[in-house]
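The lines below spell out each chain.
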Amino acid sequence: WKGVTWGMLPLHTSGIVACCYHLFYNAPELSWCVALQAGCTCLGNTTMAFAMYRLAVASGWTLSDGRSDAEALYARLTQGVEAEAAETETPSLVTAAPSSTTASLLGWEDLGDAWALDSDAFFLGKLLALSAFLAYLVKYTPPLIPGSIVDGWAGAGDGVHSGAAALVIVVPTLLNCAKWYQRSQEGAEFV
């Protein structure tokens, strides 16, 4: 499973790049973000495919299993064969207390543990309230910024804007890599 986690990192970076590009209001000088996002997505899809293949092979899967599954699926789709009733099981919530050494690297995903005991309606209410607050903040905070700061930023040049965008992309990516590297070295659960 650790390989799957590492395989997802380029996809995470791809998402950060997209958010960064929109954070800077799709500035033309940041058009390189579009190419970077495409490259990270392609790399991420490739690393995920490889990681999933390794996981499947480690679990005993063979190419002949894949071929028989594909043939059965094709038969169901083309010949109208009824699909077998899939067994459904309720997924159990996996919660693990982080070790004391990883406390400094807790991320946003750890909010799930804090909000896990909420009802669905209460969680949805919190999510809507947080979204509304952030939308309000984004819409009404820029007019409060003094004009000298806005003018200074606008006149800073393409290099400054690209450097700021690169920091917005690189810092979270490195923090994410550091977190997963530390968890993999401790032998801790990868949840």
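Scroll up to find the structure this text is about.
Okay, so let's go over this structure. These numbers come from a predicted model, not from an experiment.

Thresholds applied
- Throughout, a residue's number is its position along its own chain's written sequence, starting from 1.
- Where totals are concerned, whole chains, interfaces and linings use all residues; where local detail is concerned, this predicted model gives features only for residues with pLDDT of at least 70, and gives and counts side-chain atom pairs only at 80 or more.
- Values reported for side chains reflect all heavy atoms of the structure, with hydrogen atoms and water molecules removed beforehand.
- Each helix is a run of H or I in the DSSP string that is no shorter than four residues. Each strand is a run of E no shorter than two, and both are numbered from the N terminus.
- Buried, partly exposed and exposed residues are distinguished by accessible area as a fraction of the type maximum, computed with a 1.4 Å probe on protein chains only: under 20%, between the cut-offs, and over 50%, respectively.
- We call two residues in contact whenever any of their non-hydrogen atoms come within 4.5 Å of each other.
- Note on aromatic contacts: the rings of Phe and Tyr and the six-membered ring of Trp form a pair at centre separations within 6.5 Å, being stacked when their planes are under 30 degrees apart, edge-to-face when over 60 apart, and tilted otherwise.
- Whether a charge sits over a ring comes down to the Lys NZ or Arg CZ being within 6 Å of the ring centre and within 35 degrees of the ring normal.

### Examining the side chain of S14
Mapped onto the secondary structure, S14 falls in helix α1 (residues 2–23). Take S14: its relative accessible area is 5%, and that puts it in the buried class. Residues contacting S14, with those up to four places away along its chain left out, are Q37, C40 and T41.

### Quick word on unusual backbone geometry
Unusually for a residue other than glycine, Y25 sits at a positive phi of about 55°. Note on placement: Y25 falls in the loop between α1 and α2 (32–58). Unlike most non-glycine residues, N26 shows phi in positive territory, near 50°. According to the relative accessible area criterion, N26 is partly exposed, its value standing at 38%.

### Thoughts on the packing of aromatic side chains
How two aromatic rings sit relative to each other is given by the distance of their centres and the angle of their planes. Counting across every chain of the model gives three aromatic pairs. Look at F24 and W153: their rings are 6.2 Å apart centre to centre, the planes differ by 25°, and that puts the pair in the stacked class. Placement of F24 in the loop between α1 and α2 and of W153 in helix α6 (residues 147–154) is noted, with a sequence separation of 129 residues between them. Judged by its relative accessible area of 38%, W153 is partly exposed. Consider the rings of Y53 and W61, whose centres lie 6.3 Å apart with planes at 85°: the pair is edge-to-face. Residue Y53 is classed as partly exposed on the basis of its relative accessible area of 44%. In this structure, R183 packs its charged tip against the face of W180, placed 4.9 Å from the ring centre.

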